[in-house]
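Structure at a glance
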Amino acid sequence: QRVLLVVSVLMMAVKLFAWYLTSSVAVLSDALESLVNVTAGFLGYYSLVLSARPRDENHPYGHGKVEFLSSAAEGVMILMAGLWIIFESIRSLVWPQEVKQLDLGVLLMLVAMVVHAVVGQYCINVGKKNHSVALMASGIHLRTDAFNSFGVIIGLILVWWSGIFIIDALVAMIFALVILFSGIKIIRKSISGIMDEAD
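The paragraphs below set out a description of the structure included in this document. Small disclaimer: the values here were computed from a predicted structure and weren't measured.

What counts and how
Along each chain, the written sequence defines residue order, and numbers are assigned to residues from 1. Restriction of local features to residues with pLDDT of at least 70 applies here, the model being predicted, together with a cutoff of 80 or more for giving and counting side-chain atom pairs; totals for whole chains, interfaces and linings are based on all residues. Values shown for side chains rest on all heavy atoms present in the structure; no hydrogens or waters enter the calculation. The secondary structure listing takes helices from DSSP runs of H or I that are at least 4 residues long and strands from runs of E that are at least 2 residues long, numbered from the N terminus. Whether a residue is buried, partly exposed or exposed follows from its accessible area with a 1.4 Å probe, protein chains only, as a fraction of its type maximum: under 20%, in between, or over 50%, in that order. Under this definition, polar contacts are N or O atom pairs within 3.5 Å; protein pairs additionally need one hydrogen-donor-capable and one acceptor-capable atom, and for neighbouring residues in sequence, both atoms have to be side-chain atoms. What makes two residues a contact is simply this: any of their non-hydrogen atoms within 4.5 Å. Nonpolar side chains (Val, Leu, Ile, Met, Phe, Trp, Tyr) are joined into patches within 5 Å and like charges within 9 Å, using only residues with over 30% relative accessible area and no salt bridge. All accessible areas in this document rest on Shrake-Rupley with a 1.4 Å probe, and a residue is counted as covered only by the protein chains that are shown. Whenever a carboxyl oxygen of Asp or Glu lies within 4 Å of a side-chain nitrogen of Lys or Arg, that contact is scored as a salt bridge. Charged residues are defined narrowly, with Lys and Arg counted positive, Asp and Glu counted negative, and His plus the chain ends left uncounted. Charged groups are reduced to one reference atom each: NZ for lysine, CZ for arginine, CG for aspartic acid, CD for glutamic acid. Residues enter a nonpolar core if they are buried and are Ala, Val, Leu, Ile, Met, Phe, Trp, Tyr or Cys, with the set joined through side-chain atoms within 4.5 Å.

Bringing the side chain of Ser89 into the picture now. Tracing the chain through its elements places Ser89 in helix α3 (residues 66–94). Judged by relative accessible area, Ser89 falls into the buried class, the value being 0%. Within the structure, the side chain of Ser89 is placed 3.4 Å from the backbone nitrogen of Met173, a separation counted as a polar contact. Every residue in contact with Ser89, bar those within four places of it in the chain, is listed here: Val25, Ala169, Ala172 and Met173.

The structure is reproduced here in structure tokens:
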């Protein structure tokens with residue numbers, strides 16, 4: 001979980017710098033997603049520390065359920081980020097703006113994509129091994145973020161090649177829908193865990 005926190009903070013900084021250079025709404029959407037990653041990472045880390053505590057008089061069944069609450073909170077934040085990205089995309093479609101320094105922007109986003117994919121898969125593997133819902137949720141989130149970064153890269157290349165700036169907003173909107181679906185999926189899994197739903 002500590003590795004996840006460090007990676008999330010670094011990749012958020014990379015994406016914010018890429019957005020600063022490019023003024024791309026698609027890159028901004030990815031940076032917002034990374035901001036959610038950082039917040040969720042701190043929540044996830046706290047939930048893992050809390051869930052490791054032994055059962056006591058007030059919690060005779062232990063503290064394990066807190067991981068489901070942390071995962072649900074992460075899902076809600078993902079939904080909020082997705083809705084914000086849709087809002088920014090619509091605004092960019094109505095008032096298109098020039099996207100700049102695409103070569104450096106593509107390179108930075110490529111680095112972020114690879115790092116997120118590798119660390120996300122690592123979190124999923126460790127989460128499955130240790131039966132940690134919070135860690136698996138964070139891994140899925142990072143892997144989704146890598147997929148989103150891939151879409152942003154394709155969009156930036158298309159804008160670079162065609163000079164049509166509204167492609168940037170359209171790409172951001174498409175991946176906002178992917179983010180929304182991911183958030184709903186995480187919330188659904190968390191609620192089923194809280195309710196002790198049968199497999």
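A separate point is a positive patch on the surface. On the surface, a cluster of positive charge is contributed by Lys128, Arg143, Lys185 and Lys189. Turning to its location among the elements, Lys185 is positioned in helix α6 (residues 166–194). Residue Lys185 is classed as exposed on the basis of its relative accessible area of 55%.

Glancing now at the environment of Ala72. Take Ala72: it is sitting in helix α3. When its relative accessible area of 16% is taken as the criterion, Ala72 is described as buried. Apart from residues no more than four positions distant in its own chain, Ala72 is found in contact with Ile187 and Ser190.

Attention now goes to the nonpolar core. In terms of nonpolar packing, the biggest core is built from 41 residues, with Val27, Met109, Cys123, Val152 and Leu156 touching the most fellow members. Of all the secondary structure elements, the ones that give two or more residues to this core are α1 (2–22), α2 (25–51), α3, α4 (102–130), α5 (133–162) and α6.

In this section: a nonpolar patch on the surface. Taken together, the side chains of Leu16, Phe17, Trp19, Tyr20, Leu104, Leu107 and Val111 define a hydrophobic patch exposed on the protein surface, amounting to about 680 Å² of accessible area. Those elements that provide at least two residues to the nonpolar patch are α1 and α4. For Leu16, the location among the structural elements is in helix α1. Classification of Leu16 as partly exposed rests on a relative accessible area of 38%.

Even without a glycine there, the phi angle at Ser23 is positive, about 60 degrees. Relative to the elements of secondary structure, Ser23 occurs in the loop between α1 and α2. Relative accessible area serves as the criterion here: at 18%, Ser23 is assigned to the buried category. The backbone phi angle of Gln101 is positive, close to 40 degrees, even though this residue is not glycine. One can find Gln101 in the loop between α3 and α4.

Our focus in this paragraph is the pattern of salt bridges. Summed over all chains, the structure comprises 2 salt bridges. Lys15 is paired through a salt bridge with Asp30; the nearest N and O atoms lie 3.3 Å apart. With Lys15 in helix α1 and Asp30 in helix α2, this residue pair connects regions lying 15 residues apart in the sequence. Since its relative accessible area comes to 0%, Asp30 is described here as buried. We note a salt bridge from Arg91 to Glu88, for which the minimum N-O separation is 2.9 Å. A residue pair is termed a helical-turn pair when its members lie 3 or 4 positions apart in one helix, as Arg91 and Glu88 do in helix α3 at 3 residues. Classification of Arg91 as partly exposed rests on a relative accessible area of 40%. Its relative accessible area of 9% is what places Glu88 among the buried residues.

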